[in-house]
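Observations on chain architecture
In case you want the letters, here they are:
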Amino acid sequence: MKKIGFIGLGNMGAKMTMNLLKANYEVIGYDINKEFVKNLLPKGLKPANNLSDIAEDTDIVITMLPNGDIVEEVYDNIIDKFTRGTLFVDCSTIEVDKARELHKKCEDKKILSLDAPVSGGVGGAEQATLTFMVGGTENAYKMMLPLFEVMGKKSLLCGSSGLGQATKACNNMLLATTMIGVGEAFSLGQNLGLDPKKLFEILSTSTGSCWAINSYCPIKGVGPTSPADNDFRPGFSSDLMLKDLTIALKAIESTNTSAPFGKNSQENYKRMVNENQGSLDFSAIIKFNK
Ligand code: NAD
């Protein structure tokens, strides 16, 4: 069985690691926060005291880190320490261009690599129902597939290096934009005197239906239980949504794509975060639509 190194044992990484341990993989874990490593020792995690420990004798190294600069720093610190054909899999959400640069660095060192950001949040990480959007080679994907199956319910090789991150950027830009649109529809309905439950009943079964209405309605007491029923506690925080929209914006600019709604969504979330509301769930944007 393959030996796994896992770097970044935060909200997502800890749950993903637990699922690997449950499936009897040997996992050696590292996080700059030693408490997070300690918490997983009773579950069978082997502690790494530093990044060099991860490089010893691992077949696959998974990173789940806050942003692209940190992933790059970790890669730069570890990449020279491997002596055999290790596969690097970055599951963090980072910029498409940065993911491509990291693939190139790995290729230069003859290390296989995948970008494999996820959708499904902390709940999906815990229940092993994540979706992995993957960029890289078929060979690398095949090597990682059994682990994707342990940590998630779906994975798709979206194309060559960086195209996993590209898929994630498109998905989250669309999610933010539809959530803003859903908020506007409910605000208009309310101002016209509509009962939101009746509006939901029609919207969720008509041409306006979408995941943001049907599964995540931002109105308290309407539709299935969602963060709106819980004072907008996340869920998926607006801070993280702004991060993802900023990644999408960079991709819009670097490809010269016309995406005025995506840009507008980024501005709306920026405003919300600047008003110190970034810790609220992203569906709370309904209160900040301007
Ligand atoms: P988190 O902040 O909870 O975890 C990140 C971990 O990385 C922390 O434990 C931190 O101590 C550790 N870390 C930071 N710098 C490090 C370094 N140099 N070396 C080793 N460890 C280091 O974040 P998270 O919510 O687990 O998210 C991780 C990634 O997953 C992000 O890129 C995020 O955008 C993405 N993501 C998150 C969610 C979500 O709902 N939380 C959903 C989808 C994708």
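Shown above is the structure to which this text applies.
Predicted model, so just to flag it, every value in this text is computed and none were measured.

1. Brief notes about helix α9 (residues 196-203)
- All of the buried residues in α9 are L199, F200 and L203. The arc enclosing the buried residues of α9, seen along the axis, measures out at 100 degrees, which places them on a common side. α9 presents K197, K198, E201 and I202 as exposed residues on the side facing more than 90 degrees away from its buried surface.
- Against α8 (163-191) and α10 (211-214) lie the buried residues of α9.
- Residue D195 occupies the N-cap position of α9, its side-chain oxygen lying 2.9 Å from the main-chain nitrogen of K197.

2. What to know about the pairing of strand β9 (residues 152-159)
- Note: strand β8 (residues 130-136) against β9, six bridges, orientation parallel. What sits directly across from M133, in β9, is L156.
- You can see the chain leave β8, run along helix α7 (residues 138-151) and come back into β9, and the turn it takes is right-handed.

3. Things to note about the pattern of salt bridges
- Inspection of the entire model under this criterion finds 12 salt bridges.
- Among the salt bridges present, the one from E26 reaches K46, with a minimum N-O distance of 3.1 Å. Taken together, the positions of E26 in strand β2 (residues 26-30) and K46 in strand β3 (residues 46-47) put the pair 20 residues apart, joining distant regions of the chain.
- Two residues, E35 and K38, come together in a salt bridge whose shortest N-O distance is 3.5 Å. A residue pair is termed a helical-turn pair when its members lie 3 or 4 positions apart in one helix, as E35 and K38 do in helix α2 (residues 34-40) at three residues.
- According to the relative accessible area criterion, E35 is partly exposed, its value standing at 43%.
- Residues participating in the shared-partner salt-bridge network are D69, E72, D76, K98 and K105.

4. Considerations on the environment of N50
- Considering the arrangement of structural elements, one finds N50 in the loop between β3 and α3 (51-55).
- On the accessibility criterion, N50 (34% relative accessible area) is partly exposed.
- Sequence-wise, N50 and D31 are 19 residues apart; in three dimensions their C-alpha atoms are separated by 8.5 Å.
- Among the polar contacts made by the side chain of N50, one reaches the main-chain amide nitrogen of S52 at a distance of 3.1 Å.
- A polar contact is formed between the side chain of N50 and the backbone nitrogen of D53, at a distance of 3.1 Å.

5. Some points on the environment of T178
- Within the element layout of this structure, T178 appears in helix α8.
- Residue classification places T178 among the partly exposed positions, given a relative accessible area of 28%.
- With 28 residues separating them in the primary sequence, T178 and S206 have C-alpha atoms 15 Å apart.

Cut-offs and rules
- Residues numbered from 1 in each chain as written.
- Predicted model: local features only at pLDDT ≥ 70, side-chain atom pairs only at ≥ 80, totals over all residues.
- Heavy atoms only, no water.
- Buried < 20%, exposed > 50% of the residue type's maximum accessible area, 1.4 Å probe, protein only.
- Helix = DSSP H or I, 4+ residues; strand = E, 2+ residues; numbered from the N terminus.
- Arc of directions from axis to C-beta.
- Contact = heavy atoms within 4.5 Å.
- Polar contact = N/O pair within 3.5 Å; in protein donor to acceptor, adjacent residues only side chain to side chain.
- Pairing = 2+ DSSP bridges.
- Right-handed = clockwise from strand over helix to strand, strands pointing away.
- Salt bridge = Lys/Arg side-chain N within 4 Å of Asp/Glu carboxyl O.

Interpretation in functional terms is not warranted from these geometric data alone.
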